[in-house]
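Structural overview
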Amino acid sequence: MANLEQAPVFAEPKREILNRNDVVKWEKSQAYSDYLGFILTLNDAVKGKKMSVDCSTSEALMKLITMLETMDTWIDETPPIDQPQRFGNKAFRTWCSRLEEGGKGASIELAAYLKDGFGNKTRIDYGTGHEACFIAFLCCLFKLRVLDQSDCASIVFRVFQRYLELMRRLQSTYRMEPAGSQGVWGLDDFQFVPFIWGSSQLIDHPSLEPKDFVKSSVVESDHLDYMFFGCIKFINEMKSGPFAEHSNVLWGISSVKIWDKVNSGLIKMYKAEVLSKFPVIQHFVFGTLLSLEEAEVFKKPL
């Protein structure tokens, strides 16, 4: 990952993926390289580890967890309102307004990724693009060296897990809709990345195999240790009927023999089905920290 060697001059991030041709520019950008590099760095950091593993809890990490816990209390203070439509409770807009107000203390670039990391205030929906914004926020903190290499496992197990718990509560409390065409860009209706990191945790596990995540008894006993099983547990709570029908892509993944192949396959799928999809990435914004400038690896020598 490219780190900043001097204090950055922050700029108002703006949309630059304006048509499908711009996706190629994004795929060759420093932002893409840094963002994907961050995901892969964390993927390596959690390989073969339970969520209960003893790992770093720096002051910066604790502040992030406290921030997410404070946002969680806002849900109690902003109950759903009575309204005719079934989905998209408008009380979520009030919750978002508090987020926008609270984010003003952050740099202009960090605030942009943070406020977009929890769903769309107008549409009351959430999807992998919003998930990517929150990860971009963490990536920027890593580039600024607020977080460092020793924090990597805790970023996943403490901060991102707390974010997931908050998002699940937001999704169910305000009946948020999946962004895009019925969550087509996610493995479930909303998320993707926790399945990547969660499958890395299970690589070389002595007994748990991919076929086990469709067994409710295994999910119940192991969801606190493994993020992948935690994701499956939430799906099981929110959906009814045969798993193969309501989560067909995941059902297919359960037939893969080893977690290593699940993990590498999910990374390829994420790049193709999320990061390279114009409907998802068109909303991403670029500034100094995550720049659309061509990555060094693509620059030809003079």
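It should be noted that the structure appears before, not after, this text.
Structure report, in brief. Just so we're clear, the structure is a prediction, and the values are computed from it rather than from any experiment.

Bringing the overall build of the chain into the picture now. Of the regular secondary structure elements, the chain holds 14 helices and four strands. A compact globule built from 302 residues should have a C-alpha radius of gyration of about 19 Å, and the chain, at 19 Å, falls within 12% of that. Considering only C-alpha atoms, the chain reaches an extent of 55 × 50 × 40 Å along its principal axes. Taking all 302 residues of the chain together, the buried fraction comes to 52%. When contacts within the chain are restricted to residue pairs at least 6 apart in sequence, long-range pairs at least 24 apart make up 78% of them.

This brings us to the state of the cysteines. A full pass over the atoms with the stated rule returns zero disulfides. In this model Cys 133 remains outside any disulfide bridge; the closest cysteine sulfur is found in Cys 140, 10 Å from its own. Its relative accessible area of 6% is what places Cys 133 among the buried residues. The cysteine Cys 140 is free of any disulfide, with Cys 139 supplying the nearest cysteine sulfur at 5.8 Å.

What follows is about the packing of aromatic side chains. Tallied over the full model, the rule gives 26 aromatic pairs. Both rings, one in Trp 26 and one in Phe 284, keep their centres 5.5 Å apart while their planes meet at 45°; by these two values the pair is tilted. Here Trp 26, found in helix α1 (residues 22-27), pairs with Phe 284, found in the loop between α14 (278-281) and β4 (285-286); they are 258 residues apart in sequence, far enough to count as distant. Each member of the pair, Trp 26 together with Phe 284, is buried. Counting every residue linked through ring pairs, the aromatic cluster contains Trp 74, Phe 92, Trp 95, Phe 118, Phe 134, Phe 137, Phe 160, Tyr 163, Tyr 174 and Trp 197.

The subject of this paragraph is helix α6 (residues 128-143). Along its 16 residues, α6 runs 22 Å from first to last C-alpha, staying within 8% of the 22 Å computed at 1.5 Å per residue. Of all 16 residues making up α6, 15 are buried, and the element is well covered by its neighbours. Directly beyond the C-terminal end of α6, a positive phi value near 65° is found at Arg 145.

What follows deals with the environment of Gln 171. Locating Gln 171 in the fold gives a position in helix α7 (residues 152-173). Placed 53 residues apart in sequence, Gln 171 and Phe 118 show a C-alpha to C-alpha distance of 9.6 Å. Leave out the neighbours within four places in its chain, and Gln 171 touches Tyr 126, Met 176, Phe 190, Gln 191 and Phe 234.

Side chains of nonpolar character tend, in soluble globular proteins, to be buried together. By size, the foremost hydrophobic cluster in this structure holds 99 residues, and its most contacted members are Trp 26, Trp 95, Phe 118 and Trp 197. With 12 residues, α7 is the largest single contributor of residues to this core. Every residue in contact with Trp 26, bar those within four places of it in the chain, is listed here: Ile 17, Ala 31, Tyr 32, Leu 275, Ile 281, Phe 284, Phe 286 and Leu 292.

For the rest of this paragraph, the subject is helix α2 (residues 30-45). When the terminal C-alpha atoms of α2 are compared, their 22 Å separation across 16 residues agrees well with the 22 Å that a helix rising 1.5 Å per residue should span. Of the surrounding secondary structure, the elements contacted by the buried residues of α2 are α1, α6, α7, α8 (193-201), α13 (259-275) and β4.

Evaluation of the coordinates by the stated rule reveals 18 salt bridges. Lys 143 is paired through a salt bridge with Asp 34; the nearest N and O atoms lie 2.7 Å apart. One end of the pair, Lys 143, is in helix α6; the other, Asp 34, is in helix α2, and 109 residues separate them in sequence. Exposure remark for Lys 143: the relative accessible area of 5% places this residue in the buried category. Across the pair Asp 212 and Lys 215 runs a salt bridge, and its minimum N-O distance is 2.8 Å. Among the charged side chains, a salt-bridge network with shared partners connects Asp 72, Asp 76, Arg 162, Glu 165 and Arg 169.

Parameters at a glance
- Residues numbered from 1 in each chain as written.
- Predicted model: local features only at pLDDT ≥ 70, side-chain atom pairs only at ≥ 80, totals over all residues.
- Heavy atoms only, no water.
- Helix = DSSP H or I, 4+ residues; strand = E, 2+ residues; numbered from the N terminus.
- Rg over C-alpha atoms; globule rule 2.2 N^0.38 Å.
- Buried < 20%, exposed > 50% of the residue type's maximum accessible area, 1.4 Å probe, protein only.
- Contact = heavy atoms within 4.5 Å.
- Disulfide = S-S within 2.5 Å.
- Phe/Tyr/Trp six-rings, centres within 6.5 Å; stacked < 30°, edge-to-face > 60°.
- Expected span 1.5 Å × (residues − 1).
- Core = buried A, V, L, I, M, F, W, Y, C linked by side-chain atoms within 4.5 Å.
- Salt bridge = Lys/Arg side-chain N within 4 Å of Asp/Glu carboxyl O.

Purely geometric numbers; function is a separate question.
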